[in-house]
Amino acid sequence: MLRNTLWNLLGEGLPMAAALLSIPLLISAVGMERFGALTLIWALLGYLGVLDLGLGRSLVQVVADRIGHAGGSGETPEETQAGQGSANTAGIAGPAIALMGAIGILTGGAVAVGAGLLADRFQLETGTSPDEIRFSLLVAAAIVPVALISAGLRGVLEAHQRFRPISLVRMTVGVLNYLSPLFVLPFSQSLVPVIAAIAVGRFIGLVGYGVLAVRQEPDLLRPARWGRPSLRGLFTMSAWMMLNNLVGPAMLYADRFILLSLVPAAMVAFYTTPFELLSRLMVIPGALSLALFPLASSLFRRDPPALGRILDAGGHLTLAVFLVMQAATIVGGETALELWLGPAFAANSASVLSILMLGVFFNATAYVPNTLIQSVGRVDVTARLQLAELPVYLGVLWLLAERYGAVGAAAAWSLRTAVDCGLLLVLLPRLAPGTGTVALTIGLRALLAGVAGLAGLLVGGPVGAAISLTGLLAVGLGVAGRLLRTRSWEKLAAPLRKNRAVPLPAALPAPRMNGQAIDGAAADRS
């Protein structure tokens, strides 16, 4: 788990370092107008990546589940070769990747058809030539199917927990995304070759993922051996995953739009700047969850107690990291803002930073239970929870932002993350038996840390800081003792090393969603 998490962090971190290096050079070479257009195209590509209908993430769960089921189902080699057993993951992955490619072609085609209209809109905002923007968008349109197919191939590799090669490809693509434009700048400052250089990097990534995925699943290139699996469960799960992908960003970015409608734009910066800074910390629980998701999907039926061990290890590891982050914010957050952006900015934004750090702490703590709920196929639960939270959150956000400005918006966001974390920890034991005790322990420790942080904010000054740090230290000692005492992360992969001939216990039914089994072999196991 720790090794895979570190590889995931490297896959995210190296491209970020490349971005820090290349962006000033790009701005200097192409100017602010062209760079503004480039950032819009980057954003467009990122948004279109969400239009995979949730198939990428769903594919990880379904394939990992079939791998885990095959490891304990006692299927014969003849069944697997014939495409009848649950180990025939290519029968699910192949059609899903083909569908993602078709979606990418249609989406890219829509971008190409609308390139003229989009170019006019971009030109109004950037002053760049419409023809230059139009041709750049045509190149970007070709990237869309490449990106979606790559996501599907990466999903197959994640299901097999091949995080080291995945991260190596991700690092290559991410670095090329930011550094490859620098190689064309000596010859041209036009956006067209810049976007073309990015497209070459994405194509290299597609080839890399393709070679790795075919080595893992040779039948991906043999449609005749896919059999006739049912994809209904995959599509049901992907629909809920798509809803998660749409509602989550809506709650993430609603605060700044509501705040902008209530206070002067200059005041919004006192909220968005610390928010953007702290949101970068989410790469840590994100990398951990990426490693845990296929592991939990593979183990939850063959070894149900493994989910408790995953929650214990992942949850307490997250608590340990973010208790340190919260303490660091209390001790040096205002000083860091002052050194970075000046004393005037720090005076207006320090309290917002401290409140948001509480929300980030709860948001990070929620990652592991959220991942476990989705790993057992209950994506509908997290989607419904977000749908229920959205109107309440927007109402509270509006009331607090209207009365208290940026501080009120920060309080509303942090309150929502605390409630969301608590609800996920309450729901998890109902969906994954055996996690109740660990969920309660993590929930109580997160609550105590949150109360300590809130008490320090209310008291204020050095006394408030001392109160918060004392409370965080007490919780941190308990978390550290738990991690050192149980060392449960060392046991997580043990079931995967067991003899795969052990039969699956009959008492463990296939996971279900709304009465339907969630993978392509549902008819054989329901």
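Residue numbers here run from 1 along each chain, matching the order of that chain's written sequence. Residue-level local features of this predicted model are given only where pLDDT is at least 70; pairs of side-chain atoms are given and counted only at 80 or more, and the full residue set underlies all totals for whole chains, interfaces and linings. Excluded from the side-chain calculation are hydrogens and water; included are all heavy atoms of the structure.

**Student:** Describe in detail the overall build of the chain, supporting the description with residues and values.
**Tutor:** Each helix is a run of H or I in the DSSP string that is no shorter than four residues. Each strand is a run of E no shorter than two, and both are numbered from the N terminus. A tally of regular secondary structure across the chain gives 18 helices and 2 strands. Each residue is placed in one exposure class: buried if its accessible area under a 1.4 Å probe, protein chains only, is under 20% of its type's maximum, exposed if it is over 50%, and partly exposed if it falls in between. Classification of the 526 residues of the chain by burial places 50% in the buried group. It only takes one pair of heavy atoms within 4.5 Å for two residues to be counted as in contact. For the chain, contacts bridging at least 24 residues in sequence account for 83% of all contacts bridging at least 6. Note on areas: Shrake-Rupley with a 1.4 Å probe; residue coverage comes only from the protein chains shown. Surface exposure of the chain reaches about 22600 Å², of which carbon and sulfur atoms provide 68%.

**Student:** Outline the environment of proline 165, supporting the account with residue identities and numerical values.
**Tutor:** Topologically, proline 165 is positioned in helix H7 (residues 163-184). Taking the C-alpha atoms as reference points, proline 165 and tyrosine 209, separated by 44 residues in sequence, lie 8.7 Å from one another.

**Student:** Could you give an account of the side chain of glutamine 386, with specific residues and numbers?
**Tutor:** Note that glutamine 386 resides in helix H14 (residues 379-404). What makes glutamine 386 buried here is its relative accessible area of 18%. In this structure, glutamine 386 is in contact with Asn244, Val247, Gly248 and Met251, ignoring residues within four places of it in sequence.

**Student:** Break down the nonpolar core for me, with residues and values.
**Tutor:** The nonpolar side chains of a soluble globular protein tend to be buried with one another. Take the buried Ala, Val, Leu, Ile, Met, Phe, Trp, Tyr and Cys residues and link them wherever side-chain atoms come within 4.5 Å; each set so joined is a nonpolar core. Among the nonpolar cores identified, the biggest contains 63 residues, and Leu259, Tyr271, Leu311, Leu356, Phe361 and Leu372 are the most heavily contacted of them. A per-element tally of this core places helix H13 (residues 343-375) first, with 14 residues. Those residues in contact with leucine 372, other than ones at most four positions away along the chain, are Ala296, Leu307, Ile310, Leu311 and Leu428. Leu59, Leu212, Ala213 and Leu220 belong to the second largest nonpolar core, which has 23 residues in total.

**Student:** Could you give me a rundown of the confidence of the model for the chain, with the residues and numbers involved?
**Tutor:** Averaged over the chain, the pLDDT score is 76; the fraction of residues at 70 or greater is 75%. Counted against residues more than four places away or in other chains, residues 72-87, with its pLDDT under 50, gives 30 contacts. pLDDT under 50 marks residues 492-526. Its contacts with residues more than four places away, or in other chains, come to 85 contacts. One number per residue, pLDDT, summarises how confident the predictor is, and it ranges from 0 to 100.

**Student:** Talk me through H14; I want residue IDs and the actual numbers.
**Tutor:** Expected helix span is given by 1.5 Å per residue-to-residue step, counting one fewer step than there are residues. The end-to-end C-alpha distance of H14 is 35 Å, a good match for the 38 Å that 26 residues give at a rise of 1.5 Å each. Roughly 30° is the biggest bend found in H14, and it falls at leucine 390, with proline proline 391 one to four residues downstream. By the burial criterion, the buried members of H14 are Val379, Asp380, Val381, Thr382, Ala383, Leu385, Gln386, Glu389, Leu390, Tyr393, Leu397 and Ala401. Taken from the residues just after H14, glycine 405 is the one with a positive phi, measuring 65°. Here the bend at each residue means the angle between axes fitted to two seven-residue stretches, the one ending at that residue and the one beginning there.

**Student:** Please set out the packing of aromatic side chains residue by residue, giving values where relevant.
**Tutor:** The aromatic pairing rule takes the rings of Phe, Tyr and Trp, using the six-membered ring of Trp, and pairs them if the centres are within 6.5 Å, calling planes under 30 degrees apart stacked, those over 60 edge-to-face and the rest tilted. Inspection of the entire model under this criterion finds 3 aromatic pairs. Between the aromatic rings of phenylalanine 275 and tryptophan 413, the centroid separation amounts to 5.1 Å while the plane-to-plane angle is 75°, which identifies the pairing as edge-to-face. Taken together, the residues phenylalanine 275 in helix H10 (residues 265-279) and tryptophan 413 in helix H15 (residues 406-431) connect sequence positions 138 residues apart. Like phenylalanine 275, the residue tryptophan 413 is buried in the burial classification. Grouped by ring-pair contacts, the aromatic residues Tyr271, Phe275 and Trp413 constitute a single cluster. For a ring to carry a charge above it, either NZ of a lysine or CZ of an arginine must fall within 6 Å of the ring centroid while also lying within 35 degrees of the normal to the ring plane. When the ring centre of tyrosine 393 is taken as origin, the NZ or CZ atom of arginine 416, which lies over that ring, is 5.5 Å away.

**Student:** Tell me what's going on with the packing of H14 against H15, and back it up with residues and numbers.
**Tutor:** A fitted line through C-alpha atoms serves as each axis, taken over the contacting stretch for helices, and the angle formed by two N-to-C directions is quoted from 0 to 180°. Taken N-terminus to C-terminus, the directions of H14 and H15 make an angle of 160°; their axes are 8 Å apart at the nearest point. Accordingly, the angle class assigned to the pair H14 and H15 is roughly antiparallel. As H14 runs across H15, the sense of the crossing is right-handed. Throughout, the ten residues Ala, Val, Leu, Ile, Met, Phe, Trp, Tyr, Cys and Pro are labelled nonpolar, Asp, Glu, Lys and Arg are labelled charged, and all others, Gly among them, are labelled polar. Residues that form the contact of H14 with H15 fall into these classes: 18 nonpolar, 2 polar and 3 charged. Put simply, angles under 35 degrees are roughly parallel, angles over 145 are roughly antiparallel, angles from 65 to 115 are roughly perpendicular, and the rest are oblique. Handedness of a helix crossing follows the sense of rotation of the near helix relative to the far helix, less than a right angle counterclockwise being left-handed and clockwise being right-handed.

**Student:** Lay out the packing of helix H12 (residues 305-341) against H13 with the relevant residues and their values.
**Tutor:** A pair of packed helices is captured by two measures, namely the crossing angle of their axes and the spacing between those axes. As a packed pair, H12 and H13 sit with axes 9 Å apart at the nearest point and diverge in direction by 175°. Judged on the interaxial angle alone, H13 and H12 are roughly antiparallel. Broken down by class, the residue content of the contact of H12 with H13 amounts to 22 nonpolar, 9 polar and 2 charged.

**Student:** Got a sec to walk through the pattern of salt bridges? Specific residues and values, please.
**Tutor:** A pairing counts as a salt bridge when a side-chain nitrogen of Lys or Arg comes within 4 Å of a carboxyl oxygen of Asp or Glu. A complete count under the given rule lists 5 salt bridges for this structure. Residues glutamate 158 and arginine 154 are paired through a salt bridge, measuring 3.8 Å at the closest nitrogen-oxygen approach. Highlighted residues: glutamate 158 and arginine 154, both in helix H6 (residues 130-159), separated by 4 residues, approximately one helical turn. With its nearest N and O atoms 3.4 Å apart, the salt bridge here joins glutamate 389 to arginine 416. In this pair, glutamate 389 sits in helix H14 while arginine 416 sits in helix H15, placing the two residues 27 residues apart along the sequence. Assessed through its relative accessible area of 8%, glutamate 389 is described here as buried. What you see here is one network of salt bridges that share partners, running through Arg378, Asp380 and Arg384.

**Student:** Give a detailed account of the side chain of glutamate 389, specifying residues and quantitative values.
**Tutor:** Whenever a nitrogen or oxygen atom comes within 3.5 Å of another N or O atom, the pair is scored as a polar contact, on the condition that within protein one atom can donate a hydrogen and the other can accept it, and that pairs from neighbouring residues in sequence are kept only if both atoms are in side chains. Polar side-chain contacts of glutamate 389 include one of 3.4 Å to the side chain of arginine 416. Those residues in contact with glutamate 389 that sit more than four places away from it in its chain are Met251, Arg416, Asp420 and Leu423.

**Student:** So what about the environment of serine 279? Which residues, and what values?
**Tutor:** Following the sequence through the fold, serine 279 ends up in helix H10. Overall, the relative accessible area of 24% leaves serine 279 in the partly exposed class. Sequence separation between serine 279 and asparagine 363 is 84 residues; the distance between their C-alpha atoms is 9.9 Å.

**Student:** Explain a nonpolar patch on the surface to me, using residue names and the numbers behind them.
**Tutor:** Together, Leu440, Leu444, Leu447 and Val451 make up an exposed nonpolar region whose accessible area comes to about 380 Å². With respect to the secondary-structure elements, leucine 447 resides in helix H16 (residues 436-459). Put simply, a patch holds well-exposed residues, over 30% relative accessible area, that have no salt bridge, with like charges counted together within 9 Å and Val, Leu, Ile, Met, Phe, Trp or Tyr side chains within 5 Å.

**Student:** Please give an account of the environment of arginine 154 that cites residues and values.
**Tutor:** Note on arginine 154: relative accessible area 25%, which makes it partly exposed. When the C-alpha atoms of arginine 154 and valine 169 are compared, they prove to be 9.6 Å apart, with 15 residues separating the residues in sequence. Every residue in contact with arginine 154, bar those within four places of it in the chain, is listed here: Ile166, Arg170 and Tyr209.

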